[in-house]
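Below, each chain spelled out in residue letters.
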Amino acid sequence: MPLAVLAAPEPVADEPTQGPPPAEPGQKPVGENTRRRSVAGHVVLAVLALFAIFPIYWMYATSVRAPEDVLDTSPLPWPLSFASYEYVWQVLPIGKLLVNTFVVAVCTSIAQLLVALLAAYAFAAWQFRGRGLLYLAVVGAWLVPFQVTMIPNYAFLNELGLLNALAGVVVPTVCSTMAVMLLRQHIQAFPRELLDAARMDGRTSWGTLWTVLVPNLRPALASLSILLFISAWNDYFWPALVLQRTDSVLQIGIRGFLSAEGDNWGAVMAASGIACLPIFVLYLVLQRQVMDAFVRSGLR
Amino acid sequence: MLVEIPEAQAVTEGRPARPSVTARLRGWLPPLAYLAPALLFLYLWTYRPLGQTFQLSFFNWNLLPTSPMTPAGTDNYTRVLGLPELGQAVWNTVVYILALLPFTVLIPAAVALLARRLPGRSRTLYQALIFAPTLVTPVAAAAVWRWLLDPSSGPVNKALTALGAEPLNFLRDPDVAIGAIILISGWSLLGFATLVISAGLAGINDDYPAAASLDGASRWQITRLITLPLLSPTVLFLVLTTTLLSVQITFPLIDILTQGGPDGATTNVYYLLWQYGFRNFDAGFAGAAGTVFFVGFGLVAALFVWLSNKLSFYDN
């Protein structure tokens, strides 16, 4: 089955989508036909790339227009002005929003990674009665939508006193089904001889996990933590349920700003641009790893 | 495995078939200890609330811890099924799913097949650009598109006017609003789906198309009879994800841009649930609705798993 090949852990450098193009068996080396096909490919992909990137470009373009030019539709924003950013800085506690969102995303992704690593280790390295059933329970959680459980969860968070607290966004999301599934695949593909050798050396299972498995899984763990961080940063449901104050995290702060400022597009675009910026910077720096992480999450 | 393997061997060697209770407990203890945190959180935040939702559906309660829950029998279910907005919400949910499939399956498959023929560098660039919207946070995506689709000064309407068409109030016009939400969701999903299909394609063994080509198969025959069948597990996965998650993916956009309006034109089943739970503080009703929708989606998922086992074509 083709997916198994991709799902197996491999160094990030071997990212499947980026390799050399697969040999085209039916293709005659040169020819009018081939060139025409390749031109058609370029045209279609360029149109889609434009459709994908234009809204993002327009967001930043609007945000750096001078306030009187905001409604301008010239493709290049000129003269540049950072007035919108200054305004957002004064009106929104943007520093606090960024720090809070960052704290939530880091805590969420670390907790998810840790819990998933332990669970995946248990599923992949032991045979025990009820393993299949417990694994089904973990995978089945993926099918329970947020909206179905939100009212009891809201009441429970209220009981715990976690409503309107950042911890209230982190705690309910600690067990990530996707992370358990991905890590289990990686640990299963890990050579058993190495685990056995560690056991014969007299290492405990805990020691084996941290000194044998984790160092070898580093690329997979890195790519998964990127994915978990981005998902936590962009999560909308839990913050919307738990946090009512607009000075909590970016999602909620900017939603409030959007309804308060309405058509002040320069400011709204500047605020949105700031909310996306950390993820875009991450993407620019680690483009391969980010795409790789998302591909793996999609191939189960 | 670290503990179990010697015992497993012992059993096959014909010792008494069942190891003693303490030995079995010792075999169980380590994996269960590693599983404990995950299982605890799953129980607390997924399965217990799921049970509570089911329980709540038989009571009337306004979400206040101090106010009592009163038994309601099956009244809540009668109310859910008799709700006038329900028909529209279910219909819209179906529309969302069907209309998002081109963005998550058809266009990505076409794009991935076309991109195969391009040199690696430009292909990587295109994919990187098409993928970028996946990373935009939902609130920012909603904000940008509200600006692009603004009725008076948004660039889309300016372009429409320049082309001689009537400007549209995309998010307030009941005929267009659902299309706008679909377009925005599709925009953010397209790159991800393209990437997944490209990876699926890259995983197909090149020998099959090569052999077919030697036998004189045309390029289209190879795509239709070899590549697409081998791609079917990936495609089915994307269809299943779209079906199950499109209600959730559209949720933030609906919440921020239209609140289900105008006049219910963009609402879906979970948004309806959210409104009844938290706008009207009607926990019993939301519980009944949640149970009905959960069972509904569960049946659809089961049907899919059954279908995908029948239809998928594996390269064994």
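Just so it is clear, the model here is predicted, and its values are computed rather than measured.

**Some points on the overall build of chain A**
Check the secondary structure of chain A and you find 15 helices and 0 strands. Per-residue burial over chain A gives 52% buried out of 300 residues. Contacts spanning at least 24 positions in sequence make up 71% of the contacts within chain A whose residues lie at least 6 apart. Here chain A displays about 12800 Å² of accessible surface, and carbon together with sulfur accounts for 66% of that area.

**A closer look at the confidence of the model for chain B**
Per-residue pLDDT for chain B averages 84, and the proportion of residues at 70 or more is 92%. Ranking the helices and strands of chain B by mean pLDDT puts helix H6 (residues 138-148) of chain B first, with 93, and helix H1 (residues 4-12) of chain B last, with 42.

**Some thoughts on the interface of chain B and chain A**
Between chain B and chain A, the contact holds 108 residues from the first and 114 residues from the second. Taking both partners together, chain B and chain A bury about 10300 Å²; carbon and sulfur atoms supply 75% of that area. In this structure, the connection of chain B to chain A is made through 1 salt bridge. Its salt-bridge partner being B:Asp255, residue A:Arg255 comes within 3.6 Å of it at the nearest N-O pair. Connecting chain B to chain A are 14 residue pairs in polar contact (both at pLDDT 80 or more). By residue class, the composition of the side of chain B that touches chain A is 75 nonpolar, 20 polar and 13 charged.

**Quick look at the UniProt feature "transmembrane region" (unreviewed entry) in chain B**
All names here are of chain B. Here the UniProt-annotated "transmembrane region" (unreviewed entry) positions come out as residues 28-47, 93-114, 126-148, 176-204, 225-247 and 283-307. The distance separating the terminal C-alpha atoms of residues 28-47 is 23 Å; by composition the span is 100% helix and 0% strand. As annotated, residues 126-148 has a helix share of 74% and a strand share of 0%, and its two end C-alpha atoms lie 23 Å apart.

**Notes on the UniProt feature "domain: ABC transmembrane type-1" (unreviewed entry) in chain B**
In the numbering used here, UniProt assigns the "domain: ABC transmembrane type-1" (unreviewed entry) feature to residues 90-304 of chain B. Between the C-alpha atoms that bound residues 90-304 of chain B there is a distance of 19 Å. The span itself is 76% helix and 0% strand.

**Thoughts on the packing of helix H2 (residues 21-56) of chain B against helix H12 (residues 283-311) of chain B**
All names here are of chain B. In the contact formed by H2 and H12, the axes pass within 7 Å of each other and the chain directions differ by 115 degrees. For the pair H2 and H12, the crossing hand works out as left-handed. On H12, the residues touching Leu50, Thr53, Phe54 and Leu56 of H2 are Ala283, Gly284, Gly287, Thr291 and Phe294. Grouping the amino acids of the contact of H2 with H12 by side-chain chemistry returns 5 nonpolar, 4 polar and no charged.

**Here we look at the nonpolar core**
Ranked by internal contacts, the top residues of the largest apolar core, which has 181 residues, are A:Val88, A:Leu241, B:Phe131, B:Leu135 and B:Trp274. The greatest single-element share of this core, amounting to 16 residues, is contributed by helix H4 (residues 94-125) of chain A. The contact partners of A:Val88, leaving out residues within four places of it in the chain, are A:Ile94, A:Phe257, A:Ala267, A:Ala270, A:Ala271 and A:Ile274. Of all hydrophobic cores here, the second largest spans 9 residues; its members include A:Leu45, B:Leu118, B:Ile130 and B:Leu190.

**Some details on the UniProt feature "transmembrane region" (unreviewed entry) in chain A**
Mapped onto this numbering, the UniProt entry gives "transmembrane region" (unreviewed entry) at residues 39-60, 102-126, 133-156, 162-183, 209-233 and 265-286 of chain A. When the span residues 209-233 of chain A is considered, its composition is 96% helix and 0% strand, and the gap between its end C-alpha atoms is 29 Å.

**Brief notes about the confidence of the model for chain A**
All names here are of chain A. Looking at chain A, the pLDDT average stands at 83 and 88% of residues meet or exceed 70. Ranking the helices and strands of chain A by mean pLDDT puts H4 first, with 93, and helix H1 (residues 2-7) last, with 33. Low pLDDT, under 50, characterises residues 1-29; the stretch is placed with 59 contacts to residues that sit more than four places away or in other chains.

**Here's the deal with the environment of A:Glu261**
Residues and elements named next belong to chain A. Structurally, the position occupied by Glu261 is in helix H13 (residues 250-261). A relative accessible area of 19% places Glu261 in the buried class. If we ignore the near neighbours within four places in the chain, the residues touching Glu261 are Tyr87, Val91 and Val268.

**Quick word on the packing of aromatic side chains**
Inspection of every chain in the model, using the stated rule, returns 29 aromatic pairs over all chains. Measuring from centroid to centroid gives 5.0 Å for A:Tyr154 and B:Phe278, while their planes differ by 70 degrees, and the two rings are edge-to-face. Here B:Phe278 lies in helix H11 (residues 269-279) and A:Tyr154 lies in helix H6 (residues 146-160), a pairing that spans two chains. Ring geometry for A:Trp265 and B:Trp147: centres 5.2 Å apart, planes at 20 degrees, overall stacked. Here B:Trp147 lies in helix H6 and A:Trp265 lies in helix H14 (residues 265-285), a pairing that spans two chains.

**A few points about H11(B)**
Among the 11 residues of H11(B), 10 are classified as buried, and the element is accordingly described as predominantly covered. Listed as buried for H11(B) are B:Val269, B:Tyr270, B:Tyr271, B:Leu272, B:Leu273, B:Trp274, B:Gln275, B:Tyr276, B:Gly277 and B:Phe278. Where H11(B) is buried, its residues meet H6 and helix H12 (237-242) of chain A together with helix H4 (84-115), helix H10 (219-258) and H12 of chain B. N-cap assignment for H11(B): the residue whose side-chain oxygen lies 3.1 Å from the backbone N of B:Tyr270 is B:Asn268. Backbone geometry just after H11(B) places B:Phe281 at a positive phi near 50 degrees.

Rules used throughout
- Residues numbered from 1 in each chain as written.
- Chains lettered and ligands numbered in written order.
- Predicted model: local features only at pLDDT ≥ 70, side-chain atom pairs only at ≥ 80, totals over all residues.
- Heavy atoms only, no water.
- Helix = DSSP H or I, 4+ residues; strand = E, 2+ residues; numbered from the N terminus.
- Buried < 20%, exposed > 50% of the residue type's maximum accessible area, 1.4 Å probe, protein only.
- Contact = heavy atoms within 4.5 Å.
- Areas by Shrake-Rupley, 256 points an atom, 1.4 Å probe, with all protein chains shown as cover.
- pLDDT = per-residue confidence, 0-100.
- Buried area = accessible area lost by both parts, 1.4 Å probe.
- Salt bridge = Lys/Arg side-chain N within 4 Å of Asp/Glu carboxyl O.
- Polar contact = N/O pair within 3.5 Å; in protein donor to acceptor, adjacent residues only side chain to side chain.
- Nonpolar A, V, L, I, M, F, W, Y, C, P; charged D, E, K, R; others polar.
- UniProt positions renumbered as here; feature names shortened; annotations may be inferred.
- Axes fitted to C-alpha atoms, helices over the stretch in contact; angles between N-to-C directions.
- Left-handed = near helix turned anticlockwise from the far one by under 90°.
- Core = buried A, V, L, I, M, F, W, Y, C linked by side-chain atoms within 4.5 Å.
- Phe/Tyr/Trp six-rings, centres within 6.5 Å; stacked < 30°, edge-to-face > 60°.

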